[in-house]
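# Residue-level structural notes
The residues making up each chain are set out below.
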Amino acid sequence: MNDNVVIMDHPLIQHKLTILRDKRTGSKQFRELVSEIAMLMCYESTRDLPLMDVKVETPLMTTKAKALKGRKMAFVPILRAGLGMVEGVLSLIPAAKVGHIGMYRDPETHQPVDYYCKLPSDLPERDVFVLDPMLATGGSAIDAVASIKKHSPKRIKFLCIIAAPEGLKAFTEAHPDVPVYCAGLDEKLNDHAYILPGLGDAGDRIFGTK
Ligand code: PRP
Ligand code: URA
């Protein structure tokens, strides 16, 4: 396994992922779970944030403590399904800015088609976390990260809930400098480039379409 890939096998994440996969799980619960898993992924993927010493007055005395060292962040969901992860990550880092990249897969070729891109103007000052629940062929995430790199952010990390081995390989080859965090590494893609066993179409399940 590539050093730059973190599979998050925490029991809480694995339990929530199982309910997410279940075809009987409805949109309301699906959205809640995507949000909760995204929050836990945000917690893990920010483990290396730098700290600085500060002074704090407790009700009893003044003491030395730690605070985040002014790191600016941006979350960039890949539309649509990435939107489902935004609330969870913002619950931990409410001061982060949010950009959006719109992409859909051509149903015949499975190639990504981009239709929207709006990113914070001060990206060179920020660490960017790209959000998408599904890494299938890898095409959407590879193109999204390539677009973001043109804006010269400080660092990029990619957070996905389920990855296919094919997509993970393609992504880490295209962007070896971008760490990937995922909750589940599945078996393979089917003939329609859907992840097996997967969870179906993430966008449709989040938004109740289809
Ligand atoms: C899904 C998913 C990813 C992409 C992954 O989006 O949210 O963006 O497919 O597939 P890939 O790795 O093969 O590119 P989809 O194209 O279904 O669009 P939607 O979120 O608008 O439904
Ligand atoms: N997009 C999804 O939503 N699900 C898959 O399995 C593959 C791509």
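Check the entry above for the structure.
Residues numbered from 1 in each chain as written. Chains lettered and ligands numbered in written order. Predicted model: local features only at pLDDT ≥ 70, side-chain atom pairs only at ≥ 80, totals over all residues. Heavy atoms only, no water.

Now for the layout of surface pockets. Here the largest pocket defines a volume of roughly 620 Å³. Along its surface, the largest pocket is lined by 28 residues, and Tyr 104, Arg 105, Ser 140, Tyr 194 and Asp 201 are the ones closest to its centre. Per-class residue counts for the lining of the largest pocket are 15 nonpolar, eight polar and five charged. (1 Å grid on protein atoms, 1.4 Å probe; cavity = no way out; pocket = protein on both sides within 12 Å on 5 of 7 lines; lining within 4 Å. Points joined across faces, edges and corners; volume = space filled by probe spheres on them. Nonpolar A, V, L, I, M, F, W, Y, C, P; charged D, E, K, R; others polar.)

This paragraph deals with the site of ligand 2. Close to ligand 2 lie Arg 105, Met 134, Ala 136, Ala 193, Tyr 194, Ile 195, Gly 200, Asp 201 and Ala 202. Measuring from a nitrogen atom of ligand 2, one finds a backbone N or O atom of Gly 200 at 2.8 Å. Ala 202 places a main-chain nitrogen or oxygen 2.8 Å from an oxygen atom of ligand 2. Compared with its free state, where it exposes 240 Å², ligand 2 has 89% of that area covered by protein. (Near = heavy atom within 4 Å. Polar contact = N/O pair within 3.5 Å; in protein donor to acceptor, adjacent residues only side chain to side chain. Areas by Shrake-Rupley, 256 points an atom, 1.4 Å probe, with all protein chains shown as cover.)

What follows concerns the site of ligand 1. Every one of the 15 residues lining ligand 1 counts as a neighbour, but Arg 105, Asp 132, Thr 137, Gly 138 and Ser 140 are closest to it. Between ligand 1 and Ala 81 there is a distance of 3.2 Å, counted from an oxygen atom to a backbone nitrogen or oxygen. Contacts to ligand 1 include Thr 137, whose side-chain N or O atom sits 2.6 Å from an oxygen atom. For ligand 1, whose free accessible area comes to 500 Å², the fraction covered by protein is 90%. Put simply, ligand 1 lies in the largest pocket. The set of elements that each furnish at least two residues to the shell around ligand 1 consists of strand 6 (100-105), strand 9 (134-135) and helix 4 (139-149). Ranked by residues supplied to the shell around ligand 1, first place goes to strand 6 with three residues. (Sits in = over half its atoms within 2 Å of the grid points. Helix = DSSP H or I, 4+ residues; strand = E, 2+ residues; numbered from the N terminus.)

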